[in-house]
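Overview (structure and organization)
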2 protein chains.
Amino acid sequence: MQSRYYTIHEHPQGLPSKDLFALETRELAPLEDGEIRVRNAWLSVDPYMRGRMDGVTTYIEPFTLGEPLEGAAVGEVIESRDGRFKQGDKVRHMAGWRDVAQLPADQAEPLPEFDVPEQAYLGVLGMPGTTAWVGLNVIANMQKGDNVLVSAAGGAVGSLAVQLAKANGGTVVGIAGDPKKLEWLESQGVTAVSYRGKSAAELSAALKDACPEGFDVYYENVGGDCLEAALNNLRVGARIAVCGMIARYNDDAPAAGPGNLAMILIRRARMQGFIVFDHWEHHTDFINEFGPRVASGEIDYQETVHEGLESLPDAFLGLFSGSNQGKMLVKL
Amino acid sequence: MQSRYYTIHEHPQGLPSKDLFALETRELAPLEDGEIRVRNAWLSVDPYMRGRMDGVTTYIEPFTLGEPLEGAAVGEVIESRDGRFKQGDKVRHMAGWRDVAQLPADQAEPLPEFDVPEQAYLGVLGMPGTTAWVGLNVIANMQKGDNVLVSAAGGAVGSLAVQLAKANGGTVVGIAGDPKKLEWLESQGVTAVSYRGKSAAELSAALKDACPEGFDVYYENVGGDCLEAALNNLRVGARIAVCGMIARYNDDAPAAGPGNLAMILIRRARMQGFIVFDHWEHHTDFINEFGPRVASGEIDYQETVHEGLESLPDAFLGLFSGSNQGKMLVKL
């Protein structure tokens, strides 16, 4: 049986072009004991994958040139040589960026049984959802009544973070660019602030208008001007959970950082970077709390779906222009 | 009785000149019930005082133009109308920048009875010592065996932080500029790295040479290039205690920050600003642990002493050129 997969043959500089991604085909080896073969139905694209294309180890190993790229995927077992899975089982695993995956069974997990569409386990009930939950509850230690600021608030993680924060009773402000995202934020009772066309100083002033008493928590997905503006609007004792800095992922050279880092001192703030995989022990807590709320429709999650394996590079690159509302997915 | 005191009549821009400081004289009001009069023997000058000259509230109220400046001082009670103090008692209080102070008795504290010179309560056993202790133990949660980096390592706080860190068994590296400071650091078993004449990238490389496996703790007193170089040399899970950013205190306009802030994410590091006064409940723990070690000579603290009230502005301004080794003091 053949597998069609994406690979890259060089490390990109700056924002990759579509040409970087080569769609190739290989014959799969015969299935060995302990392995399963999965027909992928949904593939995830996520900003962190850009870092894996650089060829240097950061918090995760780089992709290997010429080998299939990797990422979260959901699919159906079509052949199994492991007692844990049988044909027809739905699984989540990391052998994405391809149509048919072959992998050790212990690298796949069965989908939980909430009444939700299967692709929800790549977004609202997957890594992005867990990331939002861990960032707010574990890293930022969000408390009842806290004022919370979220950047990239219309994205896969941010759109869940604002809803989790909203349940806590304080003022929640979301930064986004796309008008549809801003509209969606307002529909959630979140004060929406656009970063478009604003300098860091102007964004800072807009945040002050939106929440004059300042923020106890900043959920950071962006970096750059968003961070600078947020630093000017911290309350004493604020916590910043650094989940991502997407504004910087395609920089050729390091851009200067915010000139107001001393606000960390003046406001006695704490800023902490985290990777959700370091805190995966909370995934069960998260899914037990969040699964029923998603199944009941209480959580308003959104998806941007591209169709077909050929659309994968566009879906991935769209993350950096903010073309996704909620989770960016590819349906096969 | 008269008091000679320093005041400022305008808010300085950038590094103040000596002209900023006016030495004035006023007649003290008759002593009221509950007040004491103190002849100051030692005055403290500290970098944080620069922030109080700007006329804006940061983490501490600004100085009032035309009124006596304030700061830590040690002196002897010469008159008391409060049962807690009698003539001849030695006290520490915040009515510095003057020769004779008059203040409510509840704003003074008797000096502890360790066998140390009285000015030690302005440095090694005062605010700077407590700051070093709180930053390492409370904010950075220093653990046995941690590799620790300290900037401004020859200063009042840094020179104590390196000795506290050294007792923990890991590699301790201190950044300083002055050759005498570097020599003193080496005499303490601390690897000394000079920042002078080095770009951020060169300083980063020098830190890597000094401690190839990277730092678990960075005790930050400086900001600017020191922070950028430190960020490149963090271990996973590192903690940065931000005590000060003296490199920025005299900036006219905000200078750009480090371009590598994403290291906070990559190394899952935590960076936290703190003000020692928020953690003063640890002062007793600190002094009980540190007092006997200072009295026995185990702690090698240093002082740079200027003589006479007239030398106060030079002493203060010297802090920003790094002319002090250890605690900068004025002896009256």
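Residues numbered from 1 in each chain as written. Chains lettered and ligands numbered in written order. Predicted model: local features only at pLDDT ≥ 70, side-chain atom pairs only at ≥ 80, totals over all residues. Heavy atoms only, no water.

Across its full length, chain A holds nine helices and 15 strands. Against the globule reference of 20 Å for 332 residues, chain A gives a C-alpha radius of gyration of 20 Å, in line with a compact fold. When the backbone C-alpha atoms are referred to their principal axes, chain A occupies close to 60 × 45 × 30 Å. For chain A, with 332 residues in total, the buried portion stands at 58%. Restricting to contacts in chain A with at least 6 residues of sequence separation, those with at least 24 account for 68%. When the accessible area of chain A is evaluated, it comes to approximately 13100 Å², of which 47% is carbon and sulfur surface. (Helix = DSSP H or I, 4+ residues; strand = E, 2+ residues; numbered from the N terminus. Rg over C-alpha atoms; globule rule 2.2 N^0.38 Å. Buried < 20%, exposed > 50% of the residue type's maximum accessible area, 1.4 Å probe, protein only. Contact = heavy atoms within 4.5 Å. Areas by Shrake-Rupley, 256 points an atom, 1.4 Å probe, with all protein chains shown as cover.)

Bringing the pattern of salt bridges into the picture now. Residue and element names in this part refer to chain A. Considering all chains together, one arrives at 34 salt bridges over all chains under this definition. Notably, a salt bridge pairs lysine 18 with aspartate 314, separated by 3.4 Å at the nearest N-O pair. Placement of the pair is lysine 18 in the loop between strand E1 (2-8) and strand E2 (21-27) and aspartate 314 in helix H9 (residues 312-318), with a sequence separation of 296 residues. For arginine 84, the salt bridge is made with aspartate 82, and the minimal N-O distance between the two is 3.0 Å. In this structure arginine 84 comes out as exposed when scored by relative accessible area, which is 54%. A network of salt bridges, in which partner residues are shared, links Glu289, Arg293 and Glu298. (Salt bridge = Lys/Arg side-chain N within 4 Å of Asp/Glu carboxyl O.)

Between chain A and chain B, which share one sequence, the superposing operator has a rotation angle of 180° and an axial displacement of 0.0 Å; the RMSD is 0.0 Å. What we have between these two chains is a two-fold relation. Every residue of chain A has its C-alpha some distance from the rotation axis, and the shortest such distance is that of glycine 257 of chain A, at 2.1 Å. Looking at the interface residues of chain A, 100% of them are also at the interface in chain B, so both copies use one shared face. (Least-squares fit on C-alpha atoms with pLDDT ≥ 70 in both.)

We now examine the packing of aromatic side chains. The tally for this structure, following the rule as stated, stands at 16 aromatic pairs over all chains. Between phenylalanine 277 of chain B and tryptophan 280 of chain B the ring centres are 6.0 Å apart and the planes differ by 35°, which places this aromatic pair in the tilted class. You can call phenylalanine 277 of chain B partly exposed: its relative accessible area is 38%. Through successive ring pairs, a cluster of aromatic residues spans Tyr6, Phe21, Trp97, Phe316 and Phe320 of chain A. (Phe/Tyr/Trp six-rings, centres within 6.5 Å; stacked < 30°, edge-to-face > 60°.)

Residue and element names in this part refer to chain A. Judged by how many residues are buried, strand E9 (residues 172-176) sits mostly within the fold: five of five residues are covered. Alignment of strand E8 (residues 148-150) against E9, held across three bridges, turns out to be parallel. Looking at E9, one finds that valine 150 is bridged to glycine 174. Remark: the E8/helix H3 (residues 158-166)/E9 crossover connection has right-handed handedness. In this sheet, strand E10 (residues 191-194) lies alongside E9 in parallel orientation, the contact comprising four bridges. (Pairing = 2+ DSSP bridges. Right-handed = clockwise from strand over helix to strand, strands pointing away.)

One key point about sheets: their strands pair by backbone hydrogen bonds, in either a parallel or an antiparallel sense. Reading across from one edge, E10(A)-E9(A)-E8(A)-E11(A)-E12(A)-E13(A)-E13(B)-E12(B)-E11(B)-E8(B)-E9(B)-E10(B) is the order of the twelve strands in this open sheet, with mixed pairing throughout. Among the strands making up the open sheet, the edge pair consists of E10 of chain A together with strand E10 (191-194) of chain B. Sheet twist, expressed as the mean angle between neighbouring strand axes with direction ignored, is 15°. Contacts between helix H4 (residues 179-187) of chain A and the sheet are confined to E9 and E10 of chain A, with E10 of chain A contributing the most and set at about 160° to the helix. (Axes fitted to C-alpha atoms, helices over the stretch in contact; angles between N-to-C directions.)

With that settled, consider the environment of serine 199 of chain B. Positionally, serine 199 of chain B belongs in the loop between E10 and helix H5 (200-210). Residues serine 199 of chain B and methionine 49 of chain B lie 150 residues apart in sequence; the distance between their C-alpha atoms is 28 Å.

Taken across its eight residues, helix H6 (residues 224-231) of chain A has six buried, putting it largely inside the fold. Residues of H6 of chain A that are buried include every one of Gly224, Cys226, Leu227, Ala229, Ala230 and Leu231 of chain A, and no others.

Here we come to the domain arrangement of chain A. Residues and elements named next belong to chain A. Once the domains are mapped, chain A shows domain 1 (2-120 + 302-331) and domain 2 (127-277). On a C-alpha basis, the centroid separation for the pair domain 1 and domain 2 is 29 Å. On the domain 2 side, the residues contacting the 17 residues of domain 1 number 14 residues. For the pair domain 1 and domain 2, the number of links is four residue pairs in polar contact (both at pLDDT 80 or more). Of the residues assigned to the side of domain 1 that touches domain 2, the class counts are seven nonpolar, seven polar and three charged. (Domains from an automatic or database assignment. Polar contact = N/O pair within 3.5 Å; in protein donor to acceptor, adjacent residues only side chain to side chain. Nonpolar A, V, L, I, M, F, W, Y, C, P; charged D, E, K, R; others polar.)

Right, let's talk about the interface of chain A and chain B for a bit. If you look at the interface, chain A gives 28 residues, while chain B gives 28 residues. Between chain A and chain B, roughly 2300 Å² of surface is buried when both sides are summed, and carbon and sulfur atoms account for 70% of that area. Applying the counting rule to chain A against chain B returns two salt bridges. Linking chain A to chain B there are eight residue pairs in polar contact (both at pLDDT 80 or more). Residue assignment for the side of chain A that touches chain B shows that the elements contributing at least two residues are helix H7 (263-266) and strand E13 (270-273) of chain A. Sort the elements by how many residues they give to the side of chain A that touches chain B and E13 of chain A lands first, with four residues. In terms of residue class, the side of chain A that touches chain B is made up of 19 nonpolar, six polar and three charged. Across three bridges, the pairing between E13 of chain A and strand E13 (residues 270-273) of chain B is antiparallel. Looking at the pairing, arginine 270 of chain A lines up with glutamine 272 of chain B of E13 of chain B. (Buried area = accessible area lost by both parts, 1.4 Å probe.)

Right, let's get into H3 of chain A. Residues and elements named next belong to chain A. Most of H3 sits inside the fold, with eight of its nine residues counted as buried. All of the buried residues in H3 are Gly158, Ser159, Leu160, Ala161, Val162, Gln163, Leu164 and Ala165. Where H3 is buried, its residues meet helix H2 (127-139), E8, E9, H4, strand E11 (215-220) and helix H8 (283-295).

What follows concerns the packing of H2 of chain A against H3 of chain A. How two helices sit against one another is set out by the angle between their axes and by the gap between those axes. Residue and element names in this part refer to chain A. Their axes nearest at 9 Å, the elements H2 and H3 cross at an angle of 45°. The angle between H2 and H3 falls in the class oblique. Note on packing geometry: the crossing formed by H2 with H3 is right-handed. Residues Pro128, Gly129, Ala132, Trp133 and Leu136 of H2 touch H3, and the partners they reach there are Leu160, Ala161, Leu164 and Ala165. (Parallel < 35°, antiparallel > 145°, perpendicular 65-115°, else oblique. Left-handed = near helix turned anticlockwise from the far one by under 90°.)

If a strand is regular, its side chains alternate between the two faces of the sheet. All names here are of chain A. The pairing of strand E4 (residues 73-80) with strand E5 (residues 90-93) spans four bridges and is antiparallel. Bridging from a neighbouring strand, glutamate 76 pairs with lysine 90 of E5. Note: E5 against strand E7 (residues 109-110), two bridges, orientation antiparallel. Its bridge partner lying in E7, arginine 92 is registered against glutamate 109.

Under the counting rule described, the total for this entry stands at zero disulfides over all chains. With no disulfide partner, cysteine 243 of chain B has as its closest neighbouring cysteine sulfur the one in cysteine 226 of chain B, 13 Å distant. (Disulfide = S-S within 2.5 Å.)

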